Every structure is written in structure tokens, then in C-alpha cells.
Amino acid sequence: MRTFAKTCLDTEEYKDTNILVLGAGNFGTCLADHLAALGNNVTIYARDQKVVDGINDTHCNIKYMSEVTLTESLRATSQLDEAVISNATVIIFSIPTQHMRDILHKVKPFLTVNHLTIFVNKGIEIHSLTLPCDIVEEVWGKDMGSKATFLSGPSFAAEVVRRQPTCVSVASTVRERALRAQAVFHAPHFRVYDSGDVIGVEVAGAMKNVIALAAGACAGLGYQQNARAAIITRGLAEIMRIGVKLGADPLTFSGLAGVGDLFLTAQSEKSRNYTVGFRLGKGEKLDHVIATLGSVAEGVETTKAAYALCRKIGVESPLCDAVYSVLFGGVEVHAAVRNLMGRDPHDEFYGIVA
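The structure presented is a predicted model; accordingly, all values stated were derived computationally and were not measured.

Trainee: Give me the nonpolar core: which residues, what numbers.
Mentor: If you look at the biggest cluster of nonpolar residues, it comprises 78 residues, and the most contacted ones within it are Leu 22 and Trp 140. Ranked by residues supplied to this core, first place goes to helix 9 (residues 198-221) with 15 residues. Core analysis: the next-biggest nonpolar cluster, separate from the first, contains 38 residues, Val 52, Ile 92, Ala 181 and Phe 190 among them.

Structure, rendered in C-alpha cells:
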């Protein structure tokens, strides 16, 4: 039987107030601002010195969320050395999955078991077909890697930074670490639920971006609510098949990191992945869409990795296959939809339950 988390959080038990956020994109910036506004000492790391100067001098990230005035106490740095890392009790990684290994190697010499590490990136590494949690253990070793935590759930950065009500999940195999991460983020407008299912949270966070591409493409073709509901529902079933095969708890996919994040990402024009799909459905070419998007759409790279992963583990993935065929196989969106709808009938929950 599944053991549910306690409902009351004793935040006095945890005193993590020196926080380092690695990555000054949309989500890293919104989380850094959220945490600074709660009274923490927060430093955000960015490679672009102009971004660093903008945050320090004018309280504005000139590259991302430039219309938002950030909390005055938030500081930025382009240095990632022993002094910066050692000063932090919490390190939040908001680095794209395809590039996270370099950062993991860079910080490894200065990490201790006392650091609380929280990962908010989502995806599947292309060359290894592994999730972020697996990459962390591979680079840092099992002892440090198993203590990492992973935050996911329906949380558009533009809404978080405006203090709009948001609920997310944070998972770790070590519950004390999940509770520490919960205490770090928890606020009246930002509720955090703890989980022990790292694999489920990671699979859901990666695959929802692939399904969002499909939902956007169908909307671009002019299909309306029936088609969108079908994609979200069958997309959830596909995510569950992958997760269960990898050892996830099926119940996780009914929660915030599962259906919650999928619903948000696959039905909103605010979603970068939905937007990419929509523009493809309108007939634009992928290279042009990516070049003019202005930010990263993780689902494109994740589709490539997920397509290979499903073949490796023997999971049927018709929606992922269809998205892959459009992105990398030269198939037109309308033809991919026709192929999907023309498949043989199945039991609704095949591959999920015995």
C-alpha cells in the first residue's frame, strides 16, 4: 500500500536559506525570484555576462522575462567556482537535460552530502537514453545521486513569477531530502507535495512535452476539442506504459507531475512545445520554427530520445512515433494523423495493467 506524505509541513525543521540556482532561463529565473522573495539569500548563475549585469544592476533578466522586475535581493554571477558552490546549502539545477553533464562534472569536486540538490529540468538524454536522475547517479555516484531531488508539475514560469497559485511535486528516493526541498519552495501561492517515485515524475516530465507537440499540431490543422482530448488521454496512457516498464508507480501519473503537467502543457498556447506543434500543423518547417521561437522547446530533442528508448525497452508508442515521423521523417502532419487513426483497435489499457 502506498504511504502518503504528511499534510502539515514543519518549515522550522529545515533552515536552507543560501540558495544557488544554475541556469537563468525562464524557469530558473522564476524560481530564483520566488525563493528570493521568501527571504532567502539567492544567487543565480548565468554564462551570459549581460544577463548577470542586468539582474544585478536593474533587477531584470534582459534575455528572459524581460518585462518582470525581479526581487531586489536576488544576485547573479557568471562564476561557478568552489566559493560560490560552498556558500550554498541548496543548489537548483535548471540546465537543459542535453547539456547537464558538463555542469554536473563542474560542480562535483565541491559538493558535499550536506548540499540539497534539486533538479527542475526535464527530458531524456539522446546519446544515452537516460533520465536526469540516471545521469546524476552516473556522474556523481550512487551515494550522492540517490540523495538528489526532482521537482516537476504544472508550473508556467510566467505565472509563478507573478505569484499565481501553483502546485507541484518533488520526488526523491530519500524522503528527508524531498521534505527539505518541499520546505525550500513551499509558500502560500506555491504548494509542494512530496513523492518517492522519482522514475514516474521524471518520465511524466519528459514525455508530456512530446504529447504537447502532437496536441499543438492537431490544433494547427484545425482539429478542435475531441481531437485534443483524445491526444491528451491516449498520450497519458503512452506515458504510463513507458513509466510502468521502467518501474514507476502508475498512481504517479494521476498526480501533478503526470496528468497535471500534461494537461497544462498540451492545451495552452503558453507552452513552447504546443506552439512548435501548432506551427508545424500550420505548415511551417521545423528549422524555421526553432530558429524563431526565442526559447528552448525540450520536446523536440526528447522526441528523438523517447523514440529510441521505446524501441530499446519494447514499449509501443504510437503518438511518439507519429511526432518523430513529422519532426525527423519528413511525414506531413495530416498524414501522421491519418496513420494514427488507421491503426488496429486495442484494449484501452494495454501495456499498463495485466
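From this point on, the discussion continues.
Trainee: Tell me about unusual backbone geometry, and please be specific about residues and values.
Mentor: A positive phi angle, close to 60 degrees, is found at His 59, a residue other than glycine. With respect to the element layout, His 59 can be found in the loop between helix 2 (49-58) and strand 3 (75-77). If you check the backbone angles, Leu 129 has positive phi at about 60 degrees while not being a glycine. For Leu 129, the location among the structural elements is in the loop between strand 5 (116-119) and helix 5 (132-140).

Trainee: Explain helix 2 residue by residue, including any values.
Mentor: Among the residues of helix 2, Val 51, Val 52, Gly 54, Ile 55 and Asn 56 are the ones counted as buried. Taking the backbone nitrogen of Lys 50 as reference, a side-chain oxygen 2.9 Å away marks Asp 48 as the first, capping residue of helix 2. His 59 occupies a position one or two residues after helix 2 and carries a positive phi of about 60 degrees.

Trainee: Explain the pairing of strand 8 (residues 190-195) to me, and be specific about the residues and the numbers.
Mentor: Two faces, one strand: in a regular strand the side chains alternate between the faces of the sheet. In terms of strand pairing, strand 7 (residues 166-171) meets strand 8 through 6 bridges, oriented parallel. What sits directly across from Ser 169, in strand 8, is Tyr 193. Note that the unit made of strand 7, helix 8 (residues 175-185) and strand 8 has a crossover that is right-handed.

Trainee: Residues and numbers for the packing of aromatic side chains, please.
Mentor: Evaluation of the coordinates by the stated rule reveals 8 aromatic pairs. Ring geometry for Phe 119 and Trp 140: centres 5.8 Å apart, planes at 55 degrees, overall tilted. Remark: Trp 140 occurs in helix 5 and Phe 119 occurs in strand 5; sequence separation between them is 21 residues. A relative accessible area of 1% means that Phe 119 is categorised as buried. Residues Phe 185 and Phe 190 carry aromatic rings whose centres are separated by 6.1 Å and whose planes lie at 35 degrees to one another, so their mutual orientation is tilted. As far as the burial class goes, Phe 185 and Phe 190 line up, both buried. Taken together through their ring pairs, the aromatic side chains of Phe 93, Phe 119, Trp 140 and Phe 150 make up a single cluster. Here the guanidinium or amino end of Arg 311 rests over the ring plane of Tyr 307, the centre of that ring lying 3.7 Å away.

Scoring rules and cut-offs
Residues numbered from 1 in each chain as written. Predicted model: local features only at pLDDT ≥ 70, side-chain atom pairs only at ≥ 80, totals over all residues. Heavy atoms only, no water. Core = buried A, V, L, I, M, F, W, Y, C linked by side-chain atoms within 4.5 Å. Buried < 20%, exposed > 50% of the residue type's maximum accessible area, 1.4 Å probe, protein only. Helix = DSSP H or I, 4+ residues; strand = E, 2+ residues; numbered from the N terminus. Polar contact = N/O pair within 3.5 Å; in protein donor to acceptor, adjacent residues only side chain to side chain. Pairing = 2+ DSSP bridges. Right-handed = clockwise from strand over helix to strand, strands pointing away. Phe/Tyr/Trp six-rings, centres within 6.5 Å; stacked < 30°, edge-to-face > 60°. Lys NZ or Arg CZ within 6 Å of the ring centre and 35° of its normal.

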